[in-house]
Amino acid sequence: MDERVVIPLHDESEPQRRRSAVRRSARPPRPADGSADVYAFNGAAEFDGIDDIDHVAPALPAAGWERRASKGLAFLRRRLTGNYSLDDYGFDPDLAENVLLPVFRALYDNWFRVEVNGLENIPNTGGALLLANHSGGLWALDAAMMSVAIRERHPVQRHLRMLADQFVFSTPGLSVLARRAGATLACPADAERLLNAGELVGAWPEGFAGLGKPFRDRYQLQRFSRGGFVSSAIAAGVPIIPVSIVGAEETHPVLGNARSLARLLDLPYFPLTPTFPWLGPLGLVPLPSKWYIEFGAPISTEDAEGGRDVFELTDQVRETIQTSLYRLLVQRRSVWR
Amino acid sequence: MPSPTQRVVLITGVSRYLGGHLAERLAADSSVERIIGIDTIAPRTSERPRLGRTEFVRADIRNPLIAKVISQARVDTVVHTAALASPRAPRVTLQDQYVTGTMQLLAACQTSESIRRVVVASTTAVYGASAADPALFTEEMPPTGQAVGYARSSIEVENYARGFARRRPDIPLSVLRLANLIGPTVDTALTRYLSMPIVPTSLGYDARLQLLHEWDAIEALHRASAIDHRGVVNVAGEGVVSLAQAVRRAGRLRLPVPSPAVALVGAAVRNSGVAEVSAEKTSFLNYGRVVDTTRLRTQFGYTPRYTTEEALRDYVEARSVLPRLVLGAVEGAQHRLQDRLERLASAAARMGAI
């Protein structure tokens with residue numbers, strides 16, 4: 001962990017805001033202005049398709065609307081006829097691009113107003129293992145937001161492949177969604193296969209211990225129940241990128257755990273939050289906390305072999321994540337803004 | 001390997017799909033001198049021309065007679081497909097036929113002096129299907145303990161094959177684990193299942209399916225009978241389709257029901273294939289199964305001609321005209337709507353220009 005000077009979190013937020021402002025005002029399509037910061041990439045990409053139509057029907061909202069509607073129709077047709085492709089893990093880029101990511105992007109931009117930094121630490125090509133802290137009580141929204149950050153804000157727009165617990169795949173509904181979104185079982189075989197194929201693999205080594213931990217333990221890293229991740233990175237010879245996520249803890253503050261109910265329903269834990277389960281479905285809505293995601297400097301696994309090295313690397317990753325969590329917490333002005 | 005001029009191949013299960021088609025394929029192979037097909041039932045009359053120069057012996061491989069057939073005909077290659085029949089008969093009988101039959105057949109091969117090559121057709125069902133499984137199974141992964149029915153008897157068959165390989169290390173033995181067969185002519189639980197007009201599936205689950213085209217299955221078995229490969233190899237088409245996707249591509253309607261009820265719905269529709277698909281592999285309909293085929297392509301030296309998607313397409317196109325009607329309707333509706341939208345947009349553009 002290099003002791004960088006205080007990361008200019010709040011300065012970072014400026015281009016972020018400008019970007020989203022550009023995007024919002026862009027609804028009646030206008031050519032992309034020269035907002036040439038890193039974030040312009042996405043903006044420019046969005047304008048591209050609309051620009052073509054601009055020449056035909058200048059400044060007409062109908063043109064953009066028509067394009068979007070026919071895109072939607074084509075998407076519906078692909079879904080109805082099964083004319084889309086899955087990869088071996090069940091990842092469905094068509095659905096992810098057109099449904100899942102847009103939904104999560106809306107949450108990302110408007111609900112959690114995520115601020116991200118350290119994206120330059122994610123390689124443009126080749127595999128890397130991203131290990132992050134896990135929290136959020138009800139939903140693993142931190143995984144979704146991390147995917148959006150990497151897909152939408154990284155210059156190369158890579159997909160994050162997530163490793164999830166067996167529980168996810170044995171739960172009806174969730175099992176379909178998880179595979180379609182690019183998740184697969186957290187086991188050495190899958191982790192190494194993905195890493196060897198040069199994918200960005202995200203894992204949350206705390207597992208359910210992190211997700212369901214009580215609110216009083218917020219931002220305290222739990223035991224890494226899945227130490228195998230580091231071994232997989234070593235085996236595949238890819239770097240580990242520590243990721244710290246601040247804000248997810250406050251979305252569903254876990255005040256208690258109904259253990260017997262959890263056992264009865266065969267769940268890993270049953271969270272009791274200020275809103276869940278008291279408000280019914282409304283209790284599933286996350287509180288709109290302000291999020292920060294920081295991608296740390298890659299930790300090389302090239303010289304590591306196994307045994308002691310695995311422990312040392314695991315410790316190093318833990319410490320890095322914990323330190324930057326504390327730093328981000330000190331810097332944040334408020335939970336909500 | 002035996003010199004090509006004097007190859008005598010014995011095929012078990014010759015009255016069934018794989019055995020019969022393999023016999024046909026071998027009959028076209030000039031390096032094979034004699035083909036002897038064995039089965040407990042005679043091939044259907046309509047199937048007989050296909051078998052060509054195959055000599056048919058009606059015998060049960062559980063019977064010691066099998067050793068006599070092998071020694072008299074000086075069989076040098078045995079391809080055992082009888083343990084991979086479609087599990088349609090009463091289960092106990094089949095189990096006994098598969099497992100005991102394999103044991104007797106391999107015992108006969110073990111004492112034989114003429115045998116130089118044994119191929120056993122098995123199934124990827126030995127890997128099981130569950131939420132705790134990795135995305136792809138490799139040959140090194142052990143067959144799961146939770147296997148039941150058909151899968152369990154296949155595991156036992158493979159155990160005997162392994163025992164044989166240990167006792168006769170001079171005879172190369174291959175076990176081919178075939179994925180779910182599909183194609184224009186083959187009849188399996190899966191093809192019947194997908195041919196129902198309304199297909200019951202598990203609510204909240206969408207299995208990943210990997211398919212093997214019938215043509216590729218025959219080719220792989222044919223190749224296995226002639227090469228010097230040892231050990232287990234997965235045989236499957238590349239790529240994956242989901243069950244929901246397969247149902248849609250087949251132009252059928254999906255009826256998601258809670259997974260315990262799938263078998264009940266299937267039982268209500270006789271001969272649907274659901275009963276078999278679900279009774280043996282309830283979890284198969286939930287999770288599906290995908291295997292790694294690296295070993296097939298590199299070590300075994302066979303690359304399937306059809307991917308999973310192509311195999312499915314071949315099946316759909318050959319089986320019915322209904323799918324194209326349904327798909328055509330959807331596509332037509334989309335094009336009509338799009339036309340209307342374009343006209344609207346151009347009208348708006350003209351208005352804007354004025």
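Residues numbered from 1 in each chain as written. Chains lettered and ligands numbered in written order. Predicted model: local features only at pLDDT ≥ 70, side-chain atom pairs only at ≥ 80, totals over all residues.

**As for the overall build of chain B**
At step 1: Broken down by element type, chain B carries 13 helices and 13 strands.
At step 2: In chain B, which comprises 354 residues, the share counted as buried stands at 49%.
At step 3: Contacts in chain B between residues at least 24 apart in sequence constitute 80% of all its contacts with a sequence separation of at least 6. (Helix = DSSP H or I, 4+ residues; strand = E, 2+ residues; numbered from the N terminus. Buried ≥ 20, exposed ≤ 12 C-beta atoms within 10 Å, placed from the backbone. Contact = placed C-beta atoms within 7 Å.)

**So, the sheet that holds strand β3 (residues 55-58) of chain B**
Residue and element names in this part refer to chain B.
At step 1: With parallel pairing, seven strands are arranged side by side in an open sheet as β3-β2-β1-β4-β5-β6-β11. What marks the edges here is a single partner per strand, and that holds for β3 and β11 (231-235). Ignoring which end each strand starts from, the neighbouring axes of this sheet average 20° apart.
At step 2: Two strands pair when backbone bridges link them, and strand β1 (residues 7-12) and strand β4 (residues 77-80) are joined in this way by four bridges, in the parallel orientation. Residue pairing across strands places I11 opposite V79, the latter belonging to β4.
At step 3: Against the sheet, helix α3 (residues 65-73) contacts β1, β2 (32-39) and β3, and its axis sits at roughly 170° relative to β2. (Pairing = 2+ DSSP bridges. Axes fitted to C-alpha atoms, helices over the stretch in contact; angles between N-to-C directions.)

**Topic: the nonpolar core**
At step 1: Within the largest apolar cluster, 163 residues are counted, with the highest numbers of intra-cluster contacts made by A:L129, A:M145, A:M146, A:I293, B:L176, B:L221 and B:V235.
At step 2: Apart from the residues within four sequence positions on either side, B:V235 is in contact with B:L176, B:R177, B:L178, B:A179, B:L212, B:A217, B:A220 and B:L296. (Core = buried A, V, L, I, M, F, W, Y, C linked by C-beta atoms within 7 Å.)

**Digging into the environment of A:R105**
Residues and elements named next belong to chain A.
At step 1: Relative to the helices and strands, R105 resides in helix α4 (residues 93-111).
At step 2: Linking R105 and A149, residues 44 residues apart in sequence, is a C-alpha distance of 8.7 Å.
At step 3: Leave out the neighbours within four places in its chain, and R105 touches V148 and E152.

**A short note on the sheet that holds strand β4 (residues 183-185) of chain A**
Residue and element names in this part refer to chain A.
At step 1: Here seven strands make up an open sheet; going across it, the order is β1-β9-β6-β2-β5-β3-β4 and the pairing mixed. Looking at the sheet topology across the chains shown, the edges are occupied by β1 (115-117) and β4. For this sheet, the mean inter-axis angle between neighbouring strands, taken without regard to orientation, is 25°.
At step 2: The sheet contact formed by β1 and strand β9 (residues 292-295) spans three bridges and is parallel. Looking at the pairing, V116 lines up with I293 of β9.
At step 3: Seen against the sheet, helix α5 (residues 141-153) touches β1, β2 (128-132), β3 (160-164), β5 (200-203), β6 (240-246) and β9 and runs at an angle of roughly 165° to β3.
At step 4: Along the sheet, helix α10 (residues 228-236) makes contact with β2, β5 and β6, crossing β2 at roughly 165°.

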